[in-house]
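Survey of secondary and tertiary structure
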Amino acid sequence: GRDATQATTTLQPTIALVNGIWAIVGDGSRYFTTTATVGDMTAGGGSGTSVWVIRAGAAGQANFGYDITGRWSAHMNWDNSRLYFDGGGTGDARLDIDNSGNNGVWQQYILWRDSGNMAIRWGGVQRTSKTGASQTASTAGIWYVLWANGSGAGKMNGLIAEYLQFASGLILEIENYLPVR
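Below, the structure is looked at part by part. For clarity, every value in this text was computed on a predicted model and none was experimentally measured.

Quick notes on the rules
- Residues numbered from 1 in each chain as written.
- Predicted model: local features only at pLDDT ≥ 70, side-chain atom pairs only at ≥ 80, totals over all residues.
- Heavy atoms only, no water.
- Helix = DSSP H or I, 4+ residues; strand = E, 2+ residues; numbered from the N terminus.
- Rg over C-alpha atoms; globule rule 2.2 N^0.38 Å.
- Buried < 20%, exposed > 50% of the residue type's maximum accessible area, 1.4 Å probe, protein only.
- Contact = heavy atoms within 4.5 Å.
- Areas by Shrake-Rupley, 256 points an atom, 1.4 Å probe, with all protein chains shown as cover.
- Lys, Arg positive; Asp, Glu negative; His and termini not counted.
- Charge placed at Lys NZ, Arg CZ, Asp CG, Glu CD.
- Polar contact = N/O pair within 3.5 Å; in protein donor to acceptor, adjacent residues only side chain to side chain.
- Phe/Tyr/Trp six-rings, centres within 6.5 Å; stacked < 30°, edge-to-face > 60°.
- Lys NZ or Arg CZ within 6 Å of the ring centre and 35° of its normal.
- Pairing = 2+ DSSP bridges.
- Axes fitted to C-alpha atoms, helices over the stretch in contact; angles between N-to-C directions.
- Salt bridge = Lys/Arg side-chain N within 4 Å of Asp/Glu carboxyl O.

**A few points about the overall build of the protein**
Within the protein, the secondary structure is distributed over 1 helix and 16 strands. The C-alpha radius of gyration of the protein comes to 15 Å, within 12% of the 16 Å expected for a compact globule of 181 residues. Along the longest, intermediate and shortest principal axes, the C-alpha atoms of the protein span 40 × 35 × 30 Å. Relative to its full complement of 181 residues, the protein shows a buried share of 49%. Pairs at least 24 residues apart make up 65% of the contacts formed inside the protein by residues separated by at least 6 positions. Of the roughly 7,700 Å² that the protein leaves accessible, carbon and sulfur atoms contribute 49%. Between the centroid of the 12 positive side chains of the protein and the centroid of its 13 negative side chains there is a distance of 3 Å.

**Examining the environment of S100**
With respect to the helices, strands and loops of the structure, S100 is situated in the loop between β10 (94–98) and β11 (106–113). Along the sequence, S100 and N77 sit 23 residues apart, while their C-alpha atoms lie 8.1 Å from each other. A polar contact is formed between the side chain of S100 and the side chain of D98, at a distance of 3.1 Å.

**Re the packing of aromatic side chains**
Counted by the stated rule, this structure contains 9 aromatic pairs. Taking the centre distance of 5.8 Å and the plane angle of 35 degrees together, the rings of F64 and Y163 count as tilted. Of this pair, F64 sits in strand β7 (residues 64–66) while Y163 sits in strand β16 (residues 157–166), and the two are 99 residues apart along the sequence. Taking the relative accessible area as the measure of exposure, F64 reaches 0% and is therefore buried. Above the plane of the ring of W147 lies K155, whose end atom (NZ or CZ) is 4.0 Å from the centre.

**Quick word on the sheet that holds strand β12 (residues 117–122)**
The strands that make up a sheet pair up through hydrogen bonds in the backbone, lying either parallel or antiparallel. The sheet built from 7 strands is open, its strands ordered β2-β3-β16-β5-β11-β12-β13 with antiparallel pairing. Strands at the two margins of the open sheet, each flanked by one partner only, are β2 (14–18) and β13 (125–131). Sheet twist, expressed as the average angle between the axes of neighbouring strands with direction ignored, equals 30 degrees. As judged from the 8 bridges shared by strand β5 (residues 48–55) and β11, these two strands associate in the antiparallel manner. The residue of β11 that forms the bridge with R55 is W106.

**What to know about the pattern of salt bridges**
Summed over all chains, the structure comprises 5 salt bridges. A salt bridge links R30 to D27, with the shortest nitrogen-to-oxygen separation between them at 3.0 Å. Its relative accessible area of 24% is what places R30 among the partly exposed residues. According to the relative accessible area criterion, D27 is partly exposed, its value standing at 35%. The shortest N-O distance in the salt bridge between D96 and R82 comes to 2.6 Å. Separated by 14 residues along the polypeptide, D96 in strand β10 and R82 in strand β9 (residues 82–88) bring together distant segments of the chain. Residue D96 is classed as partly exposed on the basis of its relative accessible area, which comes to 29%. What makes R82 partly exposed here is its relative accessible area of 26%. In this structure, a network of salt bridges that share partners links the residues D67, R71, D86 and R94.

This is the structure:
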């Protein structure tokens, strides 16, 4: 595992009990950096799996990753209520889908990419996918949580109950009994 840290105390996110669920609170200004690079968190900047339990918003924000050379990040949701997953870049390695029905709702998301295939799942159902993704992100950049390193997008304003990152494209079927609140 990797530890996320924040050396600047005033930027340290808080953890709070929100409607009976413990969550990391993204307030639009605070974030974590990690000691890990994109290469550590993905397989060569081109394969990886992100699992989230998150309450999506619509604020033009970045949730995790790296946005400088290539891109490995997500926006759950952007200000147009679409979920964007950039698994190596914004060209052939981008997936996006309308997620307006989940604004303000706790949901489990799985963002998955292997050497050429990508998918977005939530609620145990694959919602969109594609083949032929060839772009990869630089493997040298530092990985962020609640923001994306170098991103022009805002820092996350929302709640995260769980986040797991795997450095390979795993097709996961995870049971989640998180109540909708």
